Structure formats: C-alpha cells, structure tokens
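Spelled out from the first residue to the last, the chains are:
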Amino acid sequence: MKIIKAKDYEDMSRKAANIISAQVIMKPDCVLGLATGSSPVGTYEKLVEWYRKGDLDFGDVTTVNLDEYRGLPRENDQSYYYFMHNHLFDYVNINPERTFLPDGMNDDPEKECARYEEVICATGGVDLQLLGLGHNGHIGFNEPGEFFEKGTHCVDLQPSTIEANKRFFASADDVPKQAYSMGIQTIMMAKKILVVVSGADKAEAVKNAFFGPVTPKVPGSILQMHPNVVVVADEAALSKCTLPE
Ligand code: F6R
C-alpha cells in the first residue's frame, strides 16, 4: 500500500486525477470502477477540465460504479446515477452505454445483485477502482460487521452512514435505508485501487483502516491485503498517523 500525502482537498484531487489520467492514457479502453460522495468530486472536476483541454479521451472507457441507493429512481438528484451524470458522464465523451451502476429500482435484490456481478464480469474486470472511505471505515457500502461480504449485495445502511449522508437530503428520514453495493471480493478483484480521503473528520478512519488490524469491523482495512493500492490523503486525514520519512 502506497500512501501519498496531499496538502489539502485540491491537491488530493489533482493527484488522484493524475493517476486516473495515466490509467486512461496507458489503456484507453480501460475499465474504471467509480465512487460517489464528496471525496471524488474534485477529482472528477479535474478530469472534466483536462478532457476539455484535449488532454483526455474517454471514448473507449467503460465504467462500473460501486453502489446505488435502493429505491431511488435515476432522476432523483440524490441517486448515484444522477451524481455520476452531473459530475462526470455528461461532460466527457464517454459512451453512456458503457457506464454501469446497480439499478436501485430493481426491487428483487437477489436478481439485481447477480445481474450486476455479471455486468462487472462481462467488462473483463476493473483496471482501476476509485474509492472513498466512510467515517466508520466502510468502502462502497460495505458496512462494519462480523465478516466481509463477498459479492454485490443489498445492504442495510448503518445509522452512522445515514447520519453522514443526511446532509444531501431534506432530513435523515429521507435517506434511503438500503443500498446495492459491490462486495469486498468484487472490490478486491480490481487490478489497482485508488483511495481518496480528505479532512480531519476522516483521520480516525484512516488510522484504523490503513494502520490497524485487518478486520471486517473496519471494512477498508482489507485494502492492506491488496497488492496494488494507492491512498491519496490530505494532511488533515493523515493527522493521526505517523508516516515513515
Ligand atoms: C460512494 C461510496 C462510499 C463513500 C464514503 C465516503 O460511492 O461508496 O463508500 O466513498 O461514504 O463518502 P464521502 O466521500 O462523501 O465522505
């Protein structure tokens, strides 16, 4: 695991976007695993900026997203489908038919999870998976628990996640209570993983996930076992860790 210290959110976003750009340049028909939330917004902004400058071409890229709220239609401005279009897909030359997310409106969790695993498998596998880290150490919506969930599954969101995400909704009651999420094994099968983390409020999660024991109680800790992980974290997020000089 390589940990890159960024000065602040802006610096983290530029560094992460550089890593994704390198992936797209090296393999124009690559498969990117994508995340939503506040952490990658600045990264997507940079990618859009560099696409507009003519430095990037998404024409042959395929994307698979980590997760989607269950029960939110695509048009809902809090759906992850909406987020991805609003922050990236609508502003670059990506083929919408090669952008995939779980279908939050499929009411049959078993069928939807199996379908999404097949979608991921049919892409040939994720070359670079972008991740954020939850305050409770979650990745995707793999919440802390007694074991690591393997494949795509339907998750009951924990109160702490509902609390953290209520900022995007009118109230905590409006936050969906379930989501479809790639599992830990799905995530770990990506060839490379890039984690972006920013802010002092994530410092404890960073310490537990990347410097503590590997345990399903901190789902992100499993990333310590992956052979090719880069964490780009800002100084505030790293404030509870001692990095080797
Ligand atoms: C988003 C996702 C989540 C977030 C995490 C951090 O697709 O899967 O794991 O990455 O909750 O969220 P932010 O970046 O909003 O702090």
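Residues numbered from 1 in each chain as written. Predicted model: local features only at pLDDT ≥ 70, side-chain atom pairs only at ≥ 80, totals over all residues. Heavy atoms only, no water.

**Student:** Help me out: how do you make sense of the overall build of the chain in this one?
**Tutor:** In terms of regular secondary structure, the chain is built from seven helices and 10 strands. What you see for the chain is a C-alpha radius of gyration of 17 Å, in line with the 18 Å of a compact globule of 245 residues. If you line up the chain on its principal axes, its C-alpha atoms span 45 × 45 × 35 Å. The buried share among the 245 residues of the chain stands at 52%. (Helix = DSSP H or I, 4+ residues; strand = E, 2+ residues; numbered from the N terminus. Rg over C-alpha atoms; globule rule 2.2 N^0.38 Å. Buried < 20%, exposed > 50% of the residue type's maximum accessible area, 1.4 Å probe, protein only.)

**Student:** Looking at this structure, I do not really get the sheet that holds strand S3 (residues 62-65). What am I missing?
**Tutor:** Strand pairing in a sheet takes place through backbone hydrogen bonds and is either antiparallel or parallel in direction. Strand order in the open sheet formed by seven strands is S1-S10-S9-S6-S2-S3-S5, and the pairing between neighbours is parallel. One side of each edge strand has no neighbouring strand; the edge strands of this open sheet are strand S1 (2-6) and strand S5 (99-100). Bridge analysis of S3 against S5 gives two bridges, and the strand direction is parallel. Looking at S5, one finds that Thr-63 is bridged to Thr-99. (Pairing = 2+ DSSP bridges.)

**Student:** I tried to follow the site of the ligand on my own but got confused; where do I start?
**Tutor:** Around the ligand there are 14 residues in total, and Ser-39, Asp-67, His-138, Gly-140 and Lys-202 lie nearest to it. A distance of 2.4 Å separates an oxygen atom of the ligand from a polar side-chain atom of Ser-39. In the environment of the ligand, an oxygen atom lies 2.7 Å from a nitrogen or oxygen atom belonging to the side chain of Lys-202. Relative to its unbound accessible surface of 410 Å², the ligand loses 93% to contact with the protein. Mapping the ligand onto the cavity grids shows that it belongs to the largest pocket. (Near = heavy atom within 4 Å. Polar contact = N/O pair within 3.5 Å; in protein donor to acceptor, adjacent residues only side chain to side chain. Areas by Shrake-Rupley, 256 points an atom, 1.4 Å probe, with all protein chains shown as cover. 1 Å grid on protein atoms, 1.4 Å probe; cavity = no way out; pocket = protein on both sides within 12 Å on 5 of 7 lines; lining within 4 Å. Sits in = over half its atoms within 2 Å of the grid points.)

**Student:** Explain the pairing of strand S8 (residues 178-181) to me, please; I cannot follow it from the model alone.
**Tutor:** A regular strand carries its side chains on alternate faces of the sheet. When strand S4 (residues 67-69) meets S8, the two strands line up antiparallel, connected through three bridges. By the bridge assignment for S8, Glu-68 is matched with Tyr-180.

**Student:** Just to check I follow, could you spell out the layout of surface pockets for this structure?
**Tutor:** The rolling of a water-molecule-sized probe over the atoms marks out the regions of remaining empty space. One number sums up the size of the largest pocket: a volume of about 660 Å³. Contributing elements (two or more residues each) for the lining of the largest pocket: S4, helix H3 (80-87) and helix H5 (159-165). Ranked by residue count, the leading element in the lining of the largest pocket is H3, at five residues. Partitioned by chemical class, the residues of the lining of the largest pocket number 14 nonpolar, 18 polar and five charged. (Points joined across faces, edges and corners; volume = space filled by probe spheres on them. Nonpolar A, V, L, I, M, F, W, Y, C, P; charged D, E, K, R; others polar.)

**Student:** Can you help me understand the packing of helix H1 (residues 9-26) against helix H2 (residues 41-52) in this one?
**Tutor:** Describing two packed helices takes the angle between their axes plus the distance from one axis to the other. Relative orientation of the contacting elements H1 and H2 amounts to 55°, with a least axis distance of 8 Å. When the axis of H1 is compared with that of H2, the two are oblique. Judged by the twist between their axes, the crossing of H1 over H2 is right-handed. For the pair H1 and H2, the contacting residues are Tyr-9, Glu-10, Ser-13, Arg-14, Ala-16, Ala-17, Asn-18, Ile-20 and Ser-21 in the first and Val-41, Gly-42, Thr-43, Lys-46, Leu-47 and Trp-50 in the second. Of the residues assigned to the contact of H1 with H2, the class counts are seven nonpolar, five polar and three charged. (Axes fitted to C-alpha atoms, helices over the stretch in contact; angles between N-to-C directions. Parallel < 35°, antiparallel > 145°, perpendicular 65-115°, else oblique. Left-handed = near helix turned anticlockwise from the far one by under 90°. Contact = heavy atoms within 4.5 Å.)

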